[in-house]
Amino acid sequence: MVGFRIALSLGLWIGLTVLAAGQFLVVPKGERAGSVSPKAVKAEMHAYGAYATARLEVTFTTDPDWSDEVDFMMRLPDNSEATGFAYWFGDEYVVAKTVEKERAAQIYQFITERRRDPALVELVGRRQFRVRIAPVDRSKDLRVEIKLVLKRTKGAFALPLTALFKNRLESADFTLTTPEGWRENWGREGKFEGGRRIYRFESKPWTAKSD
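Now for a description of the structure that goes with this document. Just so we're clear, the structure is a prediction, and the values are computed from it rather than from any experiment.

Enumeration according to the criterion identifies 9 salt bridges in this entry. Between R55 and E57 there is a salt bridge, with the nearest N and O atoms lying 2.9 Å from each other. A residue is classified by how much of its surface remains accessible, and E57, at 13% relative accessible area, is buried. When the shortest N-O distance is used, the salt bridge between R200 and E202 registers 3.9 Å. Under the relative-accessibility criterion, E202 is labelled exposed at 54%.

Written as structure tokens, this is what we have:
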């Protein structure tokens, strides 16, 4: 197998339209590009004193118009910074690597021409990313993982759910952990374990009404 499956580019891509506060935006369909639509989300957030970490596993529904590649934009809200990206190719968990922008494009083209399984994640603006994955299996949902660090907004940590998920999803599964004594807005009874309070929330279907 090829040694590097994902290339993460830190160069800027000039001239792209600025997205809204936070969302997934489909790149116009072309010969190689396909659309994406979030179907389900599984997320966990761990709050600490000065920061919080979060992991989002987003499932995108398949699209019969997918060709060999999916190509979409993702913008994160201002209270977040991306620290990792991965996706699943079949049963294989493929983690992002960091390389120069020019080298990333070369790697992506080289592997796609040989029908391998890369993804290219390009930083194209402040907290704005272009994600390209090829080839994709149109018979299976596409799963990606995004890792974030969150900063406080008005004294609280907010998982950016309303910004990223505008439409109704088939399912949602959330886990939140906090130090003892913190308050949350889920209205759930937390379980104290290992010095932290753990909260769980599940819903089928689910619509993001608050963060």
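Resuming the write-up.
When strand β4 (residues 52-60) meets strand β10 (residues 142-150), the two strands line up antiparallel, connected through 9 bridges. When the bridges of β10 are listed, E57 appears paired with E145. In terms of strand pairing, strand β6 (residues 80-89) meets β10 through 7 bridges, oriented antiparallel. In the sheet register, Y87 faces β10, and the bridge partner there is V144.

A word on the nonpolar core. Among soluble globular proteins, nonpolar side chains are generally buried collectively. Ranked by size, the top nonpolar core spans 39 residues in total, and within it V41, L56, L159, F165 and W206 carry the most contacts. Mapped by element, the contributors of at least two residues to this core are β3 (38-47), β4, β5 (70-75), β6, β9 (128-133), β10, α2 (161-164) and β11 (171-179). Here L159 is in contact with A43, M45, A54, L56, L150, F174 and D211, once residues within four sequence places are set aside.

Here we come to the packing of aromatic side chains. Each aromatic ring pair is described using two quantities: the centre-to-centre distance and the angle formed by the ring planes. Scanning the entire structure with this criterion turns up 6 aromatic pairs. The interplanar angle of 70° and the centroid separation of 6.3 Å between the aromatic rings of F165 and W206 together place this pair among those described as edge-to-face. Here F165, found in the loop between α2 and β11, pairs with W206, found in the segment after β13 (196-203); they are 41 residues apart in sequence, far enough to count as distant. The two residues F165 and W206 agree in class, both being buried. Each ring, one from F174 and one from F201, has its centre 6.1 Å from the other, and the planes form 15°; the classification is stacked. Here the residue F174 occupies a position in strand β11, and F201 occupies one in strand β13, the gap between them amounting to 27 residues. Residue classification places F174 among the buried positions, given a relative accessible area of 2%. Its end group placed over the ring of W88, R143 keeps NZ or CZ at 4.0 Å from the ring centre.

Attention now goes to a nonpolar patch on the surface. A contiguous nonpolar patch, built from Y48, Y51 and V149 and spanning about 230 Å² of accessible area, is present on the exposed surface. With respect to the helices and strands, V149 occurs in strand β10. By relative accessible area, which is 30% here, V149 ends up partly exposed.

Take K151: it is sitting in the loop between β10 and α2. Accessibility expressed as a relative area gives 46% for K151, which makes it partly exposed. Sequence separation between K151 and A52 is 99 residues, and the spatial gap between their C-alpha atoms is 6.6 Å. Residues contacting K151, with those up to four places away along its chain left out, are D78, N79, R127, A156 and F157.

In this section: the pairing of β4. Within β4, 8 of the 9 residues are buried, which leaves it mostly tucked inside the rest of the structure. Bridging between β3 and β4 involves 9 bridges; their strand directions are antiparallel. Across the sheet, the residue bridging to A40 is T59, located in β4. Hairpin connection of β3 to β4: 4 residues between the antiparallel strands.

Scoring rules and cut-offs
- Counting restarts for each chain, with residues numbered from 1 along the sequence as it is written.
- Per-residue local features are limited, in this predicted model, to residues with pLDDT of at least 70; the limit for side-chain atom pairs, both in listing and counting, is 80 or more; totals at the level of whole chains, interfaces and linings are taken over all residues.
- For the side-chain quantities, the full set of heavy atoms in the structure was used; hydrogens and water were omitted.
- We define a salt bridge as a contact between a side-chain nitrogen of Lys or Arg and a carboxyl oxygen of Asp or Glu at a distance within 4 Å.
- The buried label applies to any residue whose accessible area, calculated with a 1.4 Å probe on protein chains only, is under 20% of its type's maximum; exposed applies above 50%, and partly exposed to all values in between.
- Strand pairing is assigned whenever DSSP detects at least two bridges linking the two strands.
- Elements are defined by DSSP. Helices are runs of H or I of four residues or more, strands are runs of E of two residues or more, and each kind is numbered from the N terminus.
- As used here, the term nonpolar core means buried Ala, Val, Leu, Ile, Met, Phe, Trp, Tyr and Cys residues forming a set that is joined through side-chain atoms within 4.5 Å.
- Pairs of residues are marked as contacts when any of their non-hydrogen atoms sit within 4.5 Å.
- Any Phe, Tyr or Trp ring, taking Trp's six-membered ring, that has another such ring centre within 6.5 Å forms a pair; planes under 30 degrees apart are called stacked, those over 60 apart edge-to-face, and the others tilted.
- In our convention, an over-ring charge means Lys NZ or Arg CZ found within 6 Å of a ring centre and within 35 degrees of that ring's normal.
- What makes a patch is a set of residues exposed beyond 30% relative accessible area and free of salt bridges, joined within 9 Å when like-charged and within 5 Å when nonpolar (Val, Leu, Ile, Met, Phe, Trp, Tyr).
- Accessible surface area values rest on a Shrake-Rupley calculation with a 1.4 Å probe, where residue burial reflects the displayed protein chains alone.

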